[in-house]
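Observations on the model geometry
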Amino acid sequence: MRTTKDQTKPHLIAFEVTRRCRYYCKHCRANAGLQGGEELTTQQCKKIIASIAKFAKPILILTGGEPMERPDLYEIIEYAKEKGLRVVMATCGYFLNDDSIAKLKKAGVSALSFSIDGATAETHDHFRDTTGAFDTVIKATELARKAKMPFQINTTIHKQNAGEIVGIAELAKRLGAICFNTFMLVPTGRATEMDDAVLDPIQYEYILNELLRIKFKKEIDIRVTCGPAFARICEQAKARGLVAEGTGCMGGKGFGFISFKGDVQTCGFLDVPAGNLVDNNYNFEKIWRESKFLNEIRDTAGYKGKCGECEYVEVCGGCKARAMTMMGSYLAGDPICGYVPKRGR
């Protein structure tokens, strides 16, 4: 039996504070919109933050929907900072101005992330289903740079924009981003209607190698989310004498996700609750340590398919969300990975 991942305290937690958003992005895992649905109260959010801080001191990523749709957002940020958490935020940027970004800094936000899903307004606005979304996010990055607020650019990669990856990376660099973070499309939420846009194994391998090439140029930091095989690509590069670092899937290990209802999940793309913090009286540690689901995710010995045979499973792990949405089981192999393990040759 392979070594089970230890129950490390998470160093990153994304907290979905709302599902309200004025955009209707085609890929949105949260199916966010103007209605948003029920969300946690201010006090419930604070109790969740307190339960996290009692157990660990991760970076807290406030996400949504659009977090700035919450009128109590600054209060939540201040509370998290008081509890010793570093707070960062993912935003569409449409509420950002000189005043709001100053308030975010004062409350305790130390960095932002903006999504740019095309090298041009045409591609980005089509994907975001909102005319003017590209101009809005570009203006938001300019405001962040003016306010000396560090930011990264997130991009969801799929068949329609895969050819623009170099252009988006160059745009991120020009805008002054500290990092270019690509997300490989997972067909969940509204993206279930985009399942034909998910990268195929050949495209996936090509994109990962292209990202490695950009990484070697050292002009902008490269991170890959929902593309854990990037860790395998980096390991293979090391075997050729090239220095490269990549991270596999951290879901349920170094990374956790809390939904707008208080469910603890491995990530926002794998909609399987490990437990609900409201229902268990806000005991994050108990869920994190004792959840049968989370412990299954951590135990690579139980993985099936190619992931179960792969010599890189400990560094990569495969995307469990894509396995669930496309193969019907989170323990199945990542369906877009084309690597053939040595045992299968």
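Structure: see above.
Residues numbered from 1 in each chain as written. Predicted model: local features only at pLDDT ≥ 70, side-chain atom pairs only at ≥ 80, totals over all residues. Heavy atoms only, no water.

1. Here's the deal with the pattern of salt bridges
- Inspection of every chain in the model, using the stated rule, returns 21 salt bridges.
- One salt bridge connects Glu75 with Lys46, and the closest N-O pair in it is separated by 2.7 Å. Of this pair, Glu75 sits in helix α2 (residues 73-82) while Lys46 sits in helix α1 (residues 42-55), and the two are 29 residues apart along the sequence.
- Glu75 sits in the partly exposed class, given a relative accessible area of 37%.
- Linked by salt bridges that have partners in common, Arg20, Glu39, Arg70 and Asp72 make up one network. (Salt bridge = Lys/Arg side-chain N within 4 Å of Asp/Glu carboxyl O. Helix = DSSP H or I, 4+ residues; strand = E, 2+ residues; numbered from the N terminus. Buried < 20%, exposed > 50% of the residue type's maximum accessible area, 1.4 Å probe, protein only.)

2. Things to note about the sheet that holds strand β3 (residues 86-90)
- Strand order in the open sheet formed by 10 strands is β7-β6-β5-β4-β3-β2-β1-β8-β9-β10, and the pairing between neighbours is mixed. On the outer flanks of this sheet lie β7 (221-225) and β10 (275-276), each paired with one strand and no other.
- Note that strand β1 (residues 12-16) and strand β2 (residues 59-63) share 5 bridges and pair parallel. Its bridge partner being in β2, Leu12 is matched across the sheet by Ile59.
- Relative to β1, α1 is tilted by about 170 degrees, and along the sheet it contacts β1, β2 and β8 (255-258).
- Sitting on the sheet, helix α5 (residues 133-146) touches β4 (109-115) and β5 (151-157), and the angle it makes with β4 is about 160 degrees. (Pairing = 2+ DSSP bridges. Contact = heavy atoms within 4.5 Å. Axes fitted to C-alpha atoms, helices over the stretch in contact; angles between N-to-C directions.)

3. Let's talk about the environment of Lys215
- For Lys215, the position within the fold is in helix α7 (residues 201-217).
- Between the C-alpha atom of Lys215 and that of Cys307, which follows or precedes it by 92 residues, the distance is 26 Å.
- Contacts of Lys215, omitting those with residues within four sequence positions, involve Asp221, Ile222, Phe230 and Glu245.
- A distance of 3.3 Å separates a polar atom in the side chain of Lys215 from the backbone oxygen of Glu245. (Polar contact = N/O pair within 3.5 Å; in protein donor to acceptor, adjacent residues only side chain to side chain.)

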